[in-house]
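For reference, the chains in residue letters:
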Amino acid sequence: MEITKICCIGAGYVGGPTMAIIAQKCPHIKVTVVDLNVDRIVAWNDSNVDNIPIYEPGLGAIVAEARNRNLFFSTDVESAIDEAQMIFISVNTPTKTYGAGKGMAADLKYIELCARQIAKIAKNDKIVVEKSTLPVRTAEALKSILDKTGNGVKFQILSNPEFLAEGTAVQDLLNPDRVLIGGDPSEEGQIAIQKLVSIYSNWVPADQILTTNLWSSELSKLTANAFLAQRISSINAMSELCEKTGADVNEVAKAIGMDSRIGSKFLKASVGFGGSCFQKDILNLVYISKSFGLKEVADYWEQVIIMNDHQKGRFSKNIITTLYNTISGKKIAFLGWAFKKDTNDTRESAAIYVADQLLNEQANIAVFDPKVSEKKILADLDYLETRSSESNRQGITVFEEPYETCKNAHAIAVLTEWDEFKAYDWQKIYDAMQKPAFVFDGRNVLDRKKLTEIGFVYQCIGS
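This section reports on the structure supplied with the text. These numbers were taken from a predicted model, which means no experiment stands behind them.

1. Details of helix 14 (residues 374–384)
Since the α-helix advances by 3.6 residues per turn, residues separated by three or four positions end up pointing in the same direction. Turning to helix 14, its buried residues are Ile-377, Leu-378, Asp-380, Leu-381 and Asp-382. At its buried positions, helix 14 is contacted by helix 13 (350–360), strand 10 (364–368), helix 15 (389–395) and strand 11 (396–398). Two residues or fewer past helix 14, Glu-385 is found with a positive phi of approximately 55°.

Written out as structure tokens, the structure reads:
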């Protein structure tokens, strides 16, 4: 039987864009995205697609094309589960903040709640697809819950991890390097795999759709993120050595990136990686390794996190020491708060931790980010619970445009590599700042020659 009705539980950074693309490319399939967050669903249904909750270049136009044709956003979870033949689970799997595995293991409570809700509602056989990033063998727990409903409904579990980079998610979905689908080796499992393959085949070439067993698929996602994060931490480790030796990390990265065995991607030295995946997935990998008694493996991957934290702390310390070992009462302008350009996602953004460290030194921080709201910026700081909400609001001011942000500032810290930063009138910014005017480029995005000619004292990572 051909799949004609899909439900996706979770309308976040993965579920929303993925389902929008499936709906656009498969107009014969009804796609319903459900979430218990009423405000989020209202935003997805906003008549002005500029107001949808996830900012991704090109996403608004795709949503506008498919919405209310065969793409629907709803809070009616039960109805969507009931009518769907295939259910994608795309809910958050944060790092545990309690109990065994605190600070490392993935918190699977939302996954379990989804499984129990599906088991409770389902009246006919369904295919359940893991879209969230999950520890290896999570499907085993899902199947255990689903198979013990006692109502005779049969479920097939598939793993279909996402390999999206925020800021390019639409292009990653339209032109993926690969689509990975893992399933059970049984006849029923293979049939389920082929039904999902047939959906992606509407736009993805057959040789780019890989099928594996469940465990290989689950572990491949964690491994991919771990390898990418390891590259970033490796080049960041070299950036500190470059600064001590007089080498330029950008020249080093270019030289080694031309080696076909290494390649040029993820060799951009910076203040550190952020986002929802890298840190969480590496910590999960560390926890899994420790649980199997693989101490050396766990220590190896944990060092990637240690290096990333070191890079953020090093950046903050450099601002303090350069500004004559005191920033108390000084205005530090932050350009960027999102963890990378072309997204409004701030999870694990380096800006949060740099701001926290500078606030500890009683700096006055001014922030501008073209896509991140004041509410979100303050919530990010409050989440750290380092100081009171009142103290955070006294120490940080959020602006809606860059020039006021930088006016009378002692220094500028570039924390996100937004392209628009390059096009600013930097002479105007310089004229309005305290002198000497410092720029700390945490993303290696600005033109050193141009800024130094204007009069800035310019510093970037790795040179």
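2. A closer look at the side chain of Ser-276
Position of Ser-276 relative to the elements: it lies in the loop between helix 10 (249–257) and helix 11 (278–291). Judged by relative accessible area, which is 16%, Ser-276 ranks as buried. Those residues within four positions of Ser-276 in sequence are excluded, and the remaining contacts are Glu-166, Asp-345 and Arg-347.

3. Notes on the pattern of salt bridges
Under the defined criterion, the tally for this structure stands at 19 salt bridges. Ionic pairing is found between Lys-290 and Glu-302, a salt bridge with its closest N-O pair at 3.9 Å. With a gap of twelve residues between them, Lys-290 in helix 11 and Glu-302 in helix 12 (residues 295–322) connect regions that are remote in the sequence. Residue classification places Lys-290 among the partly exposed residues on the basis of a relative accessible area of 40%. A salt bridge links Lys-295 to Asp-299; its shortest N-O distance comes to 2.7 Å. Here the residue Lys-295 and the residue Asp-299 both occupy positions in helix 12, the gap between them amounting to four residues, near one helical turn.

4. Observations regarding a nonpolar patch on the surface
Residues Phe-292, Leu-294 and Val-297 make up a contiguous nonpolar surface patch of roughly 300 Å² in combined accessible area. With respect to the helices and strands, Leu-294 occurs in the loop between helix 11 and helix 12. Judged by relative accessible area, Leu-294 falls into the partly exposed class, the value being 41%.

5. Digging into the packing of helix 11 against helix 12
Relative to each other, helix 11 and helix 12 sit at 150°, their axes nearing to 8 Å. The angle between helix 11 and helix 12 falls in the class roughly antiparallel. The interaxial crossing formed by helix 11 with helix 12 has left-handed handedness. Note on element contacts: helix 12 touches helix 11 through Val-297, Ala-298, Trp-301, Glu-302, Val-304, Ile-305, Asn-308, Asp-309 and Lys-312, opposite Gln-279, Ile-282, Leu-283, Leu-285, Val-286, Ser-289 and Lys-290. Split into classes, the residues belonging to the contact of helix 11 with helix 12 amount to nine nonpolar, three polar and four charged.

6. Topic: the sheet that holds strand 14 (residues 457–460)
Taken in spatial order, the six strands line up as 11-10-9-12-13-14 in an open sheet, and their pairing is parallel. The sheet is open, and its two borders are formed by strand 11 and strand 14, each paired with just one other strand. Between one strand axis and the next, the sheet turns through 20° on average, direction left out of account. Two strands pair when backbone bridges link them, and strand 10 and strand 11 are joined in this way by three bridges, in the parallel orientation. Within strand 11, the residue paired with Val-367 across the bridge is Val-398. Against the sheet, helix 12 engages strand 12 (411–414), strand 13 (438–441) and strand 14, with an angle of about 165° to strand 13. Strands in contact with helix 14 are strand 10 and strand 11; relative to strand 11, the strand with the most contacts, it is inclined by about 155°.

Calculation notes
- Residues numbered from 1 in each chain as written.
- Predicted model: local features only at pLDDT ≥ 70, side-chain atom pairs only at ≥ 80, totals over all residues.
- Heavy atoms only, no water.
- Buried < 20%, exposed > 50% of the residue type's maximum accessible area, 1.4 Å probe, protein only.
- Helix = DSSP H or I, 4+ residues; strand = E, 2+ residues; numbered from the N terminus.
- Contact = heavy atoms within 4.5 Å.
- Salt bridge = Lys/Arg side-chain N within 4 Å of Asp/Glu carboxyl O.
- Patch = residues over 30% accessible without salt bridge, like charges linked within 9 Å, V, L, I, M, F, W, Y side chains within 5 Å.
- Areas by Shrake-Rupley, 256 points an atom, 1.4 Å probe, with all protein chains shown as cover.
- Axes fitted to C-alpha atoms, helices over the stretch in contact; angles between N-to-C directions.
- Parallel < 35°, antiparallel > 145°, perpendicular 65-115°, else oblique.
- Left-handed = near helix turned anticlockwise from the far one by under 90°.
- Nonpolar A, V, L, I, M, F, W, Y, C, P; charged D, E, K, R; others polar.
- Pairing = 2+ DSSP bridges.

Geometry only, nothing functional implied.
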